[in-house]
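As a plain string of letters, each chain reads:
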Amino acid sequence: MSAYDFAELESRWQTDWEAEGLYRSRVDWSRPKHYALTMLPYPSGDLHIGHWYAMTPSDTRARYMRMKGYNVLFPIGFDAFGLPAENAAVQRNIHPAKWTHSNMERMRTQLRSMGAMFDWERQAVSCEPSYYQWTEWFFARMFEHGIAYRGEAMVNWSPTLQTVLANEQVIDGRDERTGQPVIQKLMEQWFFSITKYADELLSFDDIDWPDPIKSMQTNWIGRSEGARVRFATETGSEIEVFTTRPDTLWGASFMVLAPEHVLVDELTSPAQRAAVDAYRIAAAARSELERMEEDRDKTGVFTGGYAINPVNGVRIPVWIADYVLVSYGTGAIMAVPAHDHRDFEFARAFDLPVVPVIIPQGSEPLVADDMVDGYVGPGIMTDSGPLNGVETTEAKGRKNPSVSAAIDWIESNGCGVEAINYRLRDWLISRQRYWGSPIPIIHRQDGTVEAVPDDQLPVVLPEDVVFEGRSPLVNDDAFLSVLDSDGKPARRETDTLDTFMCSSWYWFRYLSPDFDDAPFDPEEAAYWLPVDVYTGGAEHAVMHLLYSRFFVKVMRDMGLFADTEVAMRAHGRSADDAFDEPFRVLRNQGQVLGAEHAGDVVAVEGRRDGNRIIASLVTVVTGATSPQGVVVGEIMRRTENLLQVMVDGDLISVEVPDDAEVVIPSIAGTNDVSQLRHHLEVERMSKSKGNVVNPDELVDAYGADTVRTYLMFAFEWQKGGPWDGRGILGAHRFLEDVWKIAHLAYQPGDVDDEATAALRRAVHQTIDKVDGDLADFKWNTAIAALMGLRNVMLDANKTSVVSAGAWAEAVEVMVKLLAPIAPHVTEELWRNRLGKTGSIHVQPFPESDPSVAKDVQVTMVVQVNGKVRDRIEVPADISPEDAEATALASPRIGERVGDLTVRKVIVRQPNLVNIVAN
RNA sequence: GCCGGGAUGGCGGAAUUGGUAGACGCGAUGGACUCAAAAUCCAUUGUCUGUAUAGACGUGCGGGUUCAAGUCCCGCUCCCGGUACCA
């Protein structure tokens, strides 16, 4: 037997497959198509184990579908624009294009080492002009159709760098690199009106997506029904609010505006001016995420202005507070503290009136002074003029009688209208950066804007630029100066497009990456679209996937599939519903994290309280020693001010109060809790998320097939987990065993029919198991089943009593079942050991024979009062009567039941009988 | 904070969706082979009860439903992902 030389055979087959064009995918209307898509990778530098974890199972699924008879398209490309390239430019003085291209060059080689069935001739790269020409073209279409528009949005502004920062570049309100403060600032930018599609995006009727994803998108869109109500101010303006509870309008006792609301200046009285201005500056220093944290103490300032409650004419004060966001609703709320938690907290904090207007069901009317929280339950309306006596339930919108009555009253009295509000905001697509697709817009001298004509696309990024922090486009005169459609001097737009836009249409470009007349070739699209299976990380649950859905719907409505539909009909395929959703089936994998490292070690001094320590001194230590009175341990987890510290195998909670002394040797000066928190978090992220595991080394040591097999075997795919390098030997041994089994010169002795049937049963049961598991994306159990078959075959070889025919069938089936998982070794065995012609990867997937697979004997469990007391081998087709009789006849059961009275016997033949006796 | 997911032996994970908890693998222990080691092969391996064809306990914590709960219900704890300019 030759040795399993994985290195030699893997590179040989990769070369041969490419020469044979085995993975070229071509339109073939005589065969059913399958478009398998794996999420577009970002060219971060080196392929890491996470890429393997995402892509090799997708490849296995694509190969499985191919063996199931489909013509499969499985393309690959790069999401090549983005922030990291610019960071590299700033930090290491490498041009983003150069950095990106060398990364892609490297990653292509690494991707090829996976042995995936990528069709490289369909590669799409988002930073190449041939690609972003069409990204720009889509923007131009959106602009034409009124989907793209100018608006204002908050940005992280660094006054020091005079530039906009990404959220991840801002830590604790400061620029992560320079440590200088960052403020929130309104800026004019481009948007796509995705909210126009909010309702359609809430429907998932025709797609097979995981429920959690659908639920997250639904919550993200956040549709709520209610009313828009106008409050007149004493300065003569109107404040419009959206409320889901118009029925509680009579209890509105003050209003709160977002600090950035346009009316704040007008409403602010001279006496309050200083306080309001100070508060607005403070609010600008806080991120939106911080502002939404509900358990924060409520802060706010009275503007000095008043509004009139339109339903009862009551004069109510107008405040500003940062818990109201400009980006949600109208940026203003009416506060009904008696019936809303946050408003109640705010009212109590600032001693504002609380006016109950609901009598809780089955209870006495509320007394404002006695309330400890807003009441949000059902009841009867009171002190609400025309609504008095109306029932209020816990239903939302019109389904709640009081809300419905209130909307009718408001509309007929002209103070508001029924309205639907979405939490979803329009998609901000402007980026004040260089390394992205330019927005093809020209700013004319008269202040209007126009799109760059299609025949002048793409607007190409200038290459000769210098990086200092701000986007070099802003200062690039050659780029900036342009003539408008009237031939007058004009200025180019300098914002570039959000990279999410590049990744919102890439699967169309794969269809025909060299097509010059349109983003995609309708002939290809008519066959391949839509994507049948999309796999990728759950971290994209909302944004990327929602944007992609939006994009397709917009394309459909702009008529961009008209030619494709014609081509489909020409081939007799219905175009109905083909372009409402981009991805028919979606499945998510988890993340493989770097190997778990020892955490930071801290020494803690403090007071012990049960299993918890209230710290007075926390020191981050390197060389851990344990002097008297000090607990030294490795930090396992940290949340807020609570550290979980492992000390001699026990987890101890350490609470770090704000006044505790904190010593972090690597940070000079006095340290505090937030620094401790921040420091430990950074340490943890760089350790646990860093690409500690290098797949290239694993491929060198064990081969790509082993790495693939191990990744699919060792984790629950949807969940992922920390990498553990030890287990890979198990996967490698398995492939070596398969190699060995296929090379055995099997010679039966005296053939035993029962043993032969048992082997065949195992083989056919394994077919069913692997078939079902691969269909369901359950790689680990599919491989476990194949390992089980391996064990059965090694035993069968030892006894050598199964027929030669059954053995040969088993070998062939095992190799075929394994082919989608370990493509190289199975191809080698198929063609060079089993002597077959043609690739194993185009063979039909084995089919099981139910009559062979059927069990003849099974273990029946007999329980007494739910506890297992005996196990009996019985025929698989045992009748319920026989099952019960067999169970009761068992001496061990007789002993157990003894003098007890049998009350009931539950029979689930052939697996279980439960005898209830007392 | 909010939204979504998760927690099962020393470790990764299985469990036909209410019916044998721990498949498969790693690791560990003992043995075979070897001068020795590696590799390989054989055996054992949830915990406890001194023995084991026995019993009790056991799926993050506290309750509940059921003949039967890892699975369903109620209440918690902790971890992971997302939170709109990381991709």
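Just so you know, these numbers come straight off a predicted model, no measurement behind them.

Caption draft 1: Fine view of the packing of aromatic side chains. A full pass over the atoms with the stated rule returns 51 aromatic pairs. Relative to Tyr-132, the ring of Phe-81 has its centre 5.5 Å away and its plane inclined at 50°; by these criteria the two rings are tilted. You can see Phe-81 sitting in the loop between β3 (77-78) and α3 (83-92) and its partner Tyr-132 sitting in helix α5 (residues 129-144), a full 51 residues away along the chain. Phe-81 gets classed as buried once you look at its relative accessible area, which sits at 1%. Ring centres of Tyr-323 and Phe-346 lie 5.5 Å apart, and the angle between their planes is 50°; this geometry places the pair in the tilted category. In this pair, Tyr-323 is assigned in the loop between β14 (315-320) and β15 (332-335) and Phe-346 in helix α11 (residues 341-350), connecting sequence segments 23 residues apart. You can call Tyr-323 buried: its relative accessible area is 10%. Its relative accessible area of 0% is what places Phe-346 among the buried residues. Members of the aromatic cluster, each reached through a chain of ring pairs, are Phe-139, Phe-143, Trp-190, Phe-192, Tyr-197, Trp-427, Phe-500, Tyr-547 and Phe-550.

Caption draft 2: A look at the pairing of strand β10 (residues 223-233). For β10 and strand β19 (residues 416-422), the ladder comprises 7 bridges, and the chain directions are antiparallel. Looking at β19, one finds that Ala-227 is bridged to Glu-418. Here β10 pairs with strand β11 (residues 238-243) via 6 bridges, running antiparallel. Bridge assignment links Phe-231 to a residue of β11, and that residue is Ile-239. Taken together, β10 and the strand that follows it, β11, pair antiparallel across an intervening segment of 4 residues, in which Gly-236 is found at a positive phi of about 90°. As defined by bridge partners, β10 adjoins strand β13 (residues 301-308) across 2 bridges and the pair is classed as antiparallel. Along β13, the bridge assignment pairs Thr-233 with Ala-307.

Caption draft 3: Spatial organisation of helix α20 (residues 695-702). Along α20, the positions that sit buried rather than exposed are Pro-695, Leu-698, Val-699 and Tyr-702. Looking straight down α20, one finds its buried side chains confined to an arc of 100°; they lie on one side. More than 90 degrees from the buried face of α20, the exposed residues found are Glu-697 and Asp-700. Here the buried face of α20 lies against α1 (6-20), α2 (49-67), α21 (704-714) and α22 (728-743).

Caption draft 4: Spotlight on a negative patch on the surface. Taken together, the side chains of Asp-205, Asp-206, Asp-576 and Asp-577 present a region of like negative charge at the surface. Its place among the elements puts Asp-205 in the loop between α6 (198-201) and α7 (211-221). The class for Asp-205 is exposed, based on a relative accessible area of 66%.

Caption draft 5: Representation of the confidence of the model for chain A. With 89% of its residues at a pLDDT of at least 70, chain A reaches an overall mean of 88. Below a pLDDT of 50 lies the segment residues 636-642, which in the model reaches 23 contacts outside its immediate sequence neighbourhood of four places, other chains included. Taken together, the stretch residues 677-691 has pLDDT below 50 and engages in 28 contacts with residues farther than four places along the chain or on a different chain. For this predicted complex, the interface score ipTM comes out at 0.95, while the overall pTM is 0.89.

Caption draft 6: How the structure looks around the packing of helix α23 (residues 753-775) against helix α24 (residues 779-799). Contact geometry for α23 and α24: axes closest at 8 Å, N-to-C directions at 165°. As summarised for this structure, α23 and α24 are arranged roughly antiparallel, according to the angle between their axes. Remark: the crossing between α23 and α24 carries left-handed chirality. Between α23, through Leu-759, Ala-762, Val-763, Thr-766, Lys-769, Val-770, Asp-773 and Leu-774, and α24, the contact on the second element is made entirely by Trp-779, Thr-781, Ala-782, Ala-785, Leu-786, Leu-789, Val-792 and Met-793. Split by residue class, the contact of α23 with α24 holds 12 nonpolar, 2 polar and 2 charged.

Caption draft 7: Up close: the sheet that holds strand β39 (residues 902-908). Spatially, β38-β37-β40-β39 is the arrangement adopted by the 4 strands of the open sheet, whose pairing is mixed. Only two strands of the sheet have a single partner each, and these edge strands are β38 (867-875) and β39. The mean angle between the axes of side-by-side strands here comes to 15°, regardless of whether they run parallel or antiparallel. Pairing between β39 and strand β40 (residues 912-917): 6 bridges, direction antiparallel. Note on β40: the bridge partner recorded for Ile-906 is Asn-914.

Caption draft 8: Just the pattern of salt bridges, in detail. Going through the model one piece at a time under the given rule, you end up with 54 salt bridges. A salt bridge links Asp-532 to Lys-33, with the shortest nitrogen-to-oxygen separation between them at 2.8 Å. Taken together, the residues Asp-532 in strand β27 (residues 531-537) and Lys-33 in strand β1 (residues 33-38) connect sequence positions 499 residues apart. Considered together, Asp-532 and Lys-33 belong to a single accessibility category, that of buried residues. One salt-bridge network, in which partners are shared between bridges, spans Glu-200, Arg-549, Lys-553, Arg-556, Asp-557, Asp-580 and Glu-581.

Caption draft 9: Geometry of the nonpolar core. Grouped together as the largest cluster of nonpolar side chains are 180 residues, with contacts concentrated most on Tyr-35, Phe-139, Phe-192, Trp-507 and Phe-550. Here the element with the most residues in this core is α24; it accounts for 10 residues. Dropping the residues within four chain positions of it, Trp-507 is found in contact with Tyr-35, Leu-37, Leu-529, Val-531, Ser-548, Val-552, Pro-582 and Phe-583. Counting 50 residues, the second-largest nonpolar core is a separate cluster that includes Ala-307, Ala-347, Met-371 and Met-381.

Caption draft 10: Quick peek at α21. Across the 11 residues of α21, 9 count as buried, placing the element largely inside the fold. Taken as a whole, α21 has its buried residues at Ala-704, Asp-705, Thr-706, Val-707, Arg-708, Thr-709, Tyr-710, Leu-711 and Met-712. On its buried side, α21 packs onto α1, α2, α20, α22, α24 and α26 (823-833).

Caption draft 11: Structural view of the sheet that holds β27. What the 4 strands build is an open sheet, ordered β2-β1-β27-β28; its pairing is parallel. Where the open sheet ends on each side, the last strands, each with one partner, are β2 (71-73) and β28 (583-589). Here the strands of the sheet are splayed against their neighbours by 20° on average, with no regard to which way each runs. One ladder, built from 3 bridges, connects β1 with β27; its direction is parallel. Bridged to Leu-37 within β27 is Tyr-534. α2 rests against β1, β2, β27 and β28 of the sheet, and its axis sits at about 175° to β1.

Cut-offs applied
Think of each chain on its own: its residues are numbered from 1, step by step along the sequence as written. Each chain is given a letter, starting from A, and each ligand a number, starting from 1, according to the order in which they appear as written. In keeping with the predicted nature of the model, local features appear solely for residues at pLDDT of at least 70, side-chain atom pairs appear and are counted solely at 80 or more, and the whole-chain, interface and lining totals rest on all residues. Only hydrogens and water are set aside; all other atoms, that is, all heavy atoms of the structure, feed into the side-chain values. Classification of ring pairs uses Phe, Tyr and Trp, with its six-membered ring standing for Trp, and accepts pairs whose centres are within 6.5 Å; under 30 degrees between planes counts as stacked, over 60 as edge-to-face, and the remaining range as tilted. The numbering of helices and of strands both runs from the N terminus, where a helix is a DSSP run of H or I of at least 4 residues and a strand a run of E of at least 2. The buried label applies to any residue whose accessible area, calculated with a 1.4 Å probe on protein chains only, is under 20% of its type's maximum; exposed applies above 50%, and partly exposed to all values in between. Strand pairing is assigned whenever DSSP detects at least two bridges linking the two strands. Throughout, the arc means that of the directions going from the helix axis to the C-beta atoms. Two residues qualify as a contact provided that any one of their heavy atoms is within 4.5 Å of a heavy atom in the partner residue. Patches here are clusters of residues that have more than 30% relative accessible area and form no salt bridge, with a 9 Å joining cutoff for like charges and a 5 Å cutoff for nonpolar side chains (Val, Leu, Ile, Met, Phe, Trp, Tyr). The method behind every accessible area is Shrake-Rupley, applied with a 1.4 Å probe, and residues are considered shielded solely by the protein chains displayed. By definition, a salt bridge exists where a carboxyl oxygen of Asp or Glu is found within 4 Å of a side-chain nitrogen of Lys or Arg. Under this rule, positive means Lys or Arg and negative means Asp or Glu; His and the chain ends count for nothing. For this purpose, a charge sits on NZ of Lys, CZ of Arg, CG of Asp or CD of Glu. Confidence of the prediction at every residue is given by pLDDT, a number between 0 and 100. Only the contacting stretch of a helix is used when fitting its axis, a line to C-alpha atoms as for every element, and angles between N-to-C directions run 0 to 180 degrees. When describing relative orientation, an angle under 35 degrees is termed roughly parallel and one over 145 degrees roughly antiparallel, while 65 to 115 degrees is termed roughly perpendicular and anything else oblique. The sense of a crossing depends on the near helix, which, turned anticlockwise from the far helix by less than a right angle, makes the crossing left-handed and, turned clockwise, makes it right-handed. Under the scheme applied here, ten amino acids are nonpolar (Ala, Val, Leu, Ile, Met, Phe, Trp, Tyr, Cys and Pro), four are charged (Asp, Glu, Lys and Arg), and all others, including Gly, are polar. What is meant by a nonpolar core is a set of buried Ala, Val, Leu, Ile, Met, Phe, Trp, Tyr and Cys residues, joined one to another through side-chain atoms within 4.5 Å.

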